[in-house]
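Summary of the model geometry
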2 protein chains.
Amino acid sequence: MIIYDHNLGWRADEEANELMAEAFGNLVYEKEKGTVGYYNLPVDSRLIVSEVEAFAASSELIQSCDTIAVIGIGGSSLGAKAVDSILRHKYPEAKRLLFLENPDPVDIEEKFATLKKDKTLFIVISKSGTTVETVSIFKAAIERFGIDLKGEDKERIIAITDEGSALCRFVDYHGLKAYTIPHNVGGRFSVLSSVGMVPLTLAGYDTCSLLSGASAMVERFFDAQEEHLLLKAAFIASNWREYRINVMFAYASCLENFAKWYVQLWGESLGKIDRCGNRVGPTPVGHIGSVDQHSFLQLIMQGPRDKSVTFIKVEEFEKKLKIPDIRLEHIEKSDYVNGHTFNELINAECDATRESLSDEGIPVDSLTLSRADEATVGELIVYYELLTSLTGAMLHINTYDQPGVEAGKRILVKKFKKA
Amino acid sequence: MIIYDHNLGWRADEEANELMAEAFGNLVYEKEKGTVGYYNLPVDSRLIVSEVEAFAASSELIQSCDTIAVIGIGGSSLGAKAVDSILRHKYPEAKRLLFLENPDPVDIEEKFATLKKDKTLFIVISKSGTTVETVSIFKAAIERFGIDLKGEDKERIIAITDEGSALCRFVDYHGLKAYTIPHNVGGRFSVLSSVGMVPLTLAGYDTCSLLSGASAMVERFFDAQEEHLLLKAAFIASNWREYRINVMFAYASCLENFAKWYVQLWGESLGKIDRCGNRVGPTPVGHIGSVDQHSFLQLIMQGPRDKSVTFIKVEEFEKKLKIPDIRLEHIEKSDYVNGHTFNELINAECDATRESLSDEGIPVDSLTLSRADEATVGELIVYYELLTSLTGAMLHINTYDQPGVEAGKRILVKKFKKA
């Protein structure tokens, strides 16, 4: 469960009310017409989870693996990575998920060095099946581990891709196992599809509970019970030229990869040319408290007033570590926290920082996760996805394309073909 | 060695030339008067390194440790962490550095679980000695590992702090080993002081070469041989209201912690109220290529023109992993990179992305590190420190204080004292 506190020091005027009504209508339309598919994933993916669970229970190979190597980049890895980081502490027995993303030779070699082929399942993820980084790393894995695609290693590889894609045809050719991604689900909105659900379920996570949390949030939203989401989107869409940067300040180390997922989701969805030809889009920035309140906070407090800040905290951490009631000679100044838990300390830091920014008139809001558990993560994911779709609708942009990343890809191909 | 390419599509006018001359003069003054101490660290810290090396060679305890647990937060950890990440791949034999920073109970418990007291040296770092997170984690470590400050564990603890600080008095009281931080060196500028040099040297890194690279850069700069630094600072200081965000796009996984260090350094140094009472400061953002070119790049390309981008790449990675010349049925589209190295691929991606942004008229510059080695890291650190000081001087702010982080600390104390 998440408690939302959207006190941004802002009230919606009539124009904003219209924006909200229109955007809500847009999302309803997208869902009903099926032009945007992620709204249905929390329900639709239950089948995938059941199938994967049954498959895992019957596969000797899966049971003998201790590692799942996910080969994918961007939307094909960040979501599962974020969930894995948040839930890992609850699952000491889960299989290791190793993400092979960056085509950095030192990084790849280091990760390869930790893999044993007979203990590893490889999952190759690419919507198009032509992502140069992913295909190249896949080839390097084939060579390094002597993977025999035609014979005994068929079961060691699973592909996740769009139906009819190049990767899909590859899989058919070799008779490998594959899961598809619905065509109407973009990479950065795909964590609740097979892209996230297959590796997470195979690793041993209770993805069913995660989908339940997600599904309940989708239902409440379309049932008009989460109005705060509309208000927050309207705040961002109406004020992004003033508050150009939204800082996510997450007070738990395990949320670092979630912050990266959010930066990807917002950056790629909202940085666009709108229907009038204007370049629009707030800049997402992710920070971790309390570490970054020792630095970036200074810029928020005294730098230009161009930032809004969203605090995320975890009400109850799984560990109840106490700050011992020890008096150390000469460093008694921080004894005021003695006997309290670290849980209390980190959350009090979050509250104190929020208060100090709020006192300065900086727009802040907060999300309090009851726990870092499956259902809450599902809700959190959907919250951010819906917020993104709403903000995009209000900015009058296409939230779901990414034309700006194509130019670099074309230049890359040219560079190699010339060489 | 670093090759600097500061083609920001910008030429300094007369006003900028004056800014540059004045700022250069300021730095010379700060160095000569000793008001800012980090300029001298590359030379002064050589003594510390020699002392630490001699100590390590003679200490049985150090030799028997496989882990150095650094307890510190913000400026007390980020620098050493950045260097450790960059150089680790060259030092398979180096002791593990474990950073205990965030007062997150799950994070602390997970790290504690990997520690064995008789194999661990604890280094407690705090300039003031009263940082509540650091002191609290230190107490938790004392309790968890039964550290006997009065007897047999004296040698297992080293403190790094300001002379005369509360932590310094604690150390004296117990007769523990300590290294001091010069008073004129702020936390975020302290990586080349004992704060970074002691843990890194004890871990086994060649910090002497790192200091040489740093020292050469300081010398060349004050000898007026690195004019590009002045130009870049002038570009940022003169244009930050238009280009409000500087994105560091680093094309190597090992640079992720360096990007965090840069974000801290800039954010805390440059986000200030200037001498006329204006809130100023560009916002630093760190990203890793090629991963983030699959997302954040869209925002840079098509979103608002409020960003400049600094590319960092490594000319020669330590590993020469090849993309195998394998043809996979149906996914031949990326065969154009077959037979090339991942080193070539990631750098070509960097160049292609840079070119695509440059073609759009977005201000870009780049730093090419010949290798991710000790001397280059030293140079890179000093480059960013000098750039920060220059930009601060041109913005007419106090680069070295951080008044904005104090309000939250006061509220925190009140919260606990009330409870």
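In this report, we go over the structure that sits alongside the text. (Residues numbered from 1 in each chain as written. Chains lettered and ligands numbered in written order. Predicted model: local features only at pLDDT ≥ 70, side-chain atom pairs only at ≥ 80, totals over all residues. Heavy atoms only, no water.)

Counting across every chain of the model gives 54 salt bridges over all chains. For the salt bridge of Arg144(A) with Glu109(A), the shortest nitrogen-to-oxygen distance reads 3.1 Å. Here Glu109(A) lies in helix H5 (residues 105-113) and Arg144(A) lies in helix H6 (residues 132-144), a separation of 35 residues in the sequence. Note on Arg144(A): relative accessible area 39%, which makes it partly exposed. Take Glu109(A): its relative accessible area is 17%, and that puts it in the buried class. Ionic pairing is found between Glu256(B) and Lys260(A), a salt bridge with its closest N-O pair at 2.5 Å. One end of the pair, Glu256(B), is in helix H11 (residues 256-270); the other, Lys260(A), is in helix H11 (residues 256-270), on a second chain. Exposure remark for Glu256(B): the relative accessible area of 27% places this residue in the partly exposed category. On the basis of relative accessible area, Lys260(A) is assigned to the partly exposed category, the value being 28%. (Salt bridge = Lys/Arg side-chain N within 4 Å of Asp/Glu carboxyl O. Helix = DSSP H or I, 4+ residues; strand = E, 2+ residues; numbered from the N terminus. Buried < 20%, exposed > 50% of the residue type's maximum accessible area, 1.4 Å probe, protein only.)

Across the junction of Gly289(A) and Ser290(A), the peptide omega takes the value 0 degrees, indicating a cis bond. With phi around 80 degrees, His330(A) is a residue other than glycine that occupies positive phi space. Positioned with a positive phi, His396(B) is a non-glycine residue whose angle comes to about 55 degrees. Considering the arrangement of structural elements, one finds His396(B) in the loop between helix H14 (374-394) and helix H15 (406-418).

What follows deals with the environment of Val132(A). Residues and elements named next belong to chain A. By the element assignment, Val132 lies in helix H6. Judged by relative accessible area, which is 10%, Val132 ranks as buried. Taking the C-alpha atoms as reference points, Val132 and Tyr383, separated by 251 residues in sequence, lie 32 Å from one another.

Mapping chain B onto chain A is achieved by rotating through 180 degrees and translating by 0.0 Å along the same axis, at an RMSD of 0.0 Å. Look at the turn and shift together and you get a two-fold axis relating the two. Scanning chain B for the C-alpha nearest the rotation axis identifies Val285(B), at a separation of 3.6 Å. Both copies present the same face, since 100% of the interface residues in chain B are matched by interface residues at the equivalent positions in chain A. (Least-squares fit on C-alpha atoms with pLDDT ≥ 70 in both. Contact = heavy atoms within 4.5 Å.)

A few words now on the packing of aromatic side chains. If you walk through the whole model with that rule in mind, you get 46 aromatic pairs over all chains. Taking the centre distance of 4.4 Å and the plane angle of 40 degrees together, the rings of Tyr38(A) and Tyr39(A) count as tilted. In this structure, Tyr38(A) and Tyr39(A) share a single accessibility class: buried. Their ring planes at 65 degrees and their centres at 4.6 Å tell us that Tyr91(A) and Tyr205(A) sit as a pair that is edge-to-face. Within this pair, whereas Tyr91(A) is found in the loop between helix H4 (78-87) and strand S3 (96-100), its partner Tyr205(A) is found in the loop between helix H8 (194-203) and helix H9 (207-222), the two being separated by 114 residues in sequence. One aromatic cluster in this structure is built from Tyr4(A), Phe258(A), Trp261(A), Tyr262(A), Trp266(A), Tyr383(A) and Tyr384(A). Taking NZ or CZ as reference, Lys31(B) lies 5.4 Å from the ring centre of Phe222(B), over its face. (Phe/Tyr/Trp six-rings, centres within 6.5 Å; stacked < 30°, edge-to-face > 60°. Lys NZ or Arg CZ within 6 Å of the ring centre and 35° of its normal.)

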